[in-house]
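# Summary of structural features
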Amino acid sequence: MNKAKRQAVIAGNWKMNKTPSEAKILLEEIIPVAKDAGCEVIACVPYVDLSVALDTVKGTNVKIGAENCHWAESGAFTGEISTGMLKEMGVEYVVIGHSERRQYFGETDETVNKRTKAALAAGLKPIVCVGELLWERECDITEEVIARQIKLDLYDVSAEDAKKTIIAYEPVWAIGTGKTATAEQAEEVCAFIRAELAKKYDEETAQAITIQYGGSMNDANAAELLSKENVDGGLIGGASLVAAKFGAIIDAATKG
Ligand code: PGA
């Protein structure tokens, strides 16, 4: 199996943007630019937007994801949302371990692992984010950091479940900074992730897993990034909030 056989996935990560009424407007703009996509198109939206988002995309090829989930089925976890709640709504994807959650909300590889396993058990497809900090890159430990995250975040996840999981490589220094990794840097780490997955599972499993790049991907740089053998898609923040830009990234992924 090679890139051409893997599913290309373009996912928007809206972060803490768009009220429900604004979400409806943006999705109505995204639907036409996504309709001929030769890739999976996902909008990961704030919890309160999920209901209107699912209604708005009904009958289209745009899928909806959440931006986080808890690992427990239910209980005393004020402010949290369970995988069962998301599943019952019709949500298909969930972002887990985004660097903003790791940086600002105390997310650790252990909780990323718990959330990932809970998502898979509920039949949700996790988008698990990994990536190094700037100083880790400068200290030349990018591969160590990524290898550790892959081992810990996917601990006890079977090969079968790993194939339902998307890995998003997001160098933290490139997120929201306008500083994109070069296509070569993105390819180098995405290829490394695939090699780690092959070590952990086997070559066939590693070749089947979609690996995205994320971090200031936009309409201008997407084509080059997505042309790389191990970059199967993108997790897009800022540019996913502008339908024309998101559409151009979808087109770039379609050409692949
Ligand atoms: P960005 O965010 O595209 O705005 O850099 C990417 C992400 O955080 O997923």
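What this report covers is the structure whose coordinates are included nearby.

About the cut-offs
Residues numbered from 1 in each chain as written. Predicted model: local features only at pLDDT ≥ 70, side-chain atom pairs only at ≥ 80, totals over all residues. Heavy atoms only, no water. Axes fitted to C-alpha atoms, helices over the stretch in contact; angles between N-to-C directions. Helix = DSSP H or I, 4+ residues; strand = E, 2+ residues; numbered from the N terminus. Parallel < 35°, antiparallel > 145°, perpendicular 65-115°, else oblique. Left-handed = near helix turned anticlockwise from the far one by under 90°. Contact = heavy atoms within 4.5 Å. Nonpolar A, V, L, I, M, F, W, Y, C, P; charged D, E, K, R; others polar. Near = heavy atom within 4 Å. Polar contact = N/O pair within 3.5 Å; in protein donor to acceptor, adjacent residues only side chain to side chain. Areas by Shrake-Rupley, 256 points an atom, 1.4 Å probe, with all protein chains shown as cover. Pairing = 2+ DSSP bridges.

## Focus: the packing of helix H7 (residues 142-153) against helix H9 (residues 183-200)
Between two packed helices, the angle of one axis relative to the other and the distance separating the axes together describe the packing. It is at 10 Å that the axes of H7 and H9 come closest, and there the two elements cross at 45°. The pairing of H7 with H9 is recorded here as oblique in orientation. Of the two possible hands of crossing, H7 and H9 adopt the one that is right-handed. Contact with H7, carried on its side by Thr142, Glu143, Ile146, Ala147, Ile150 and Lys151, involves Val189, Phe192, Ile193, Glu196 and Leu197 of H9 and no other residues of that element. When grouped by side-chain class, the residues that make up the contact of H7 with H9 number seven nonpolar, one polar and three charged.

## Let's talk about the site of the ligand
Close contacts around the ligand come from 13 residues, with Lys15, His98, Glu170, Gly176 and Ser216 the closest. A distance of 2.7 Å is found between an oxygen atom of the ligand and a backbone nitrogen or oxygen belonging to Ser216. One nitrogen or oxygen atom from the main chain of Gly238 is found 2.9 Å from an oxygen atom belonging to the ligand. For the ligand, whose unbound accessible area comes to 280 Å², protein coverage reaches 95%. The residue makeup of the shell around the ligand, split by class, is four nonpolar, seven polar and two charged.

## As for the sheet that holds strand E6 (residues 166-169)
In space, the eight strands of this closed barrel follow the order E1-E2-E3-E4-E5-E6-E7-E8, with parallel pairing throughout. Looking at each pair of strands side by side, their axes are set apart by 25° on average, direction ignored. Of the strands in this sheet, strand E5 (125-130) and E6 are in contact with H7, which crosses E5 at around 150°.

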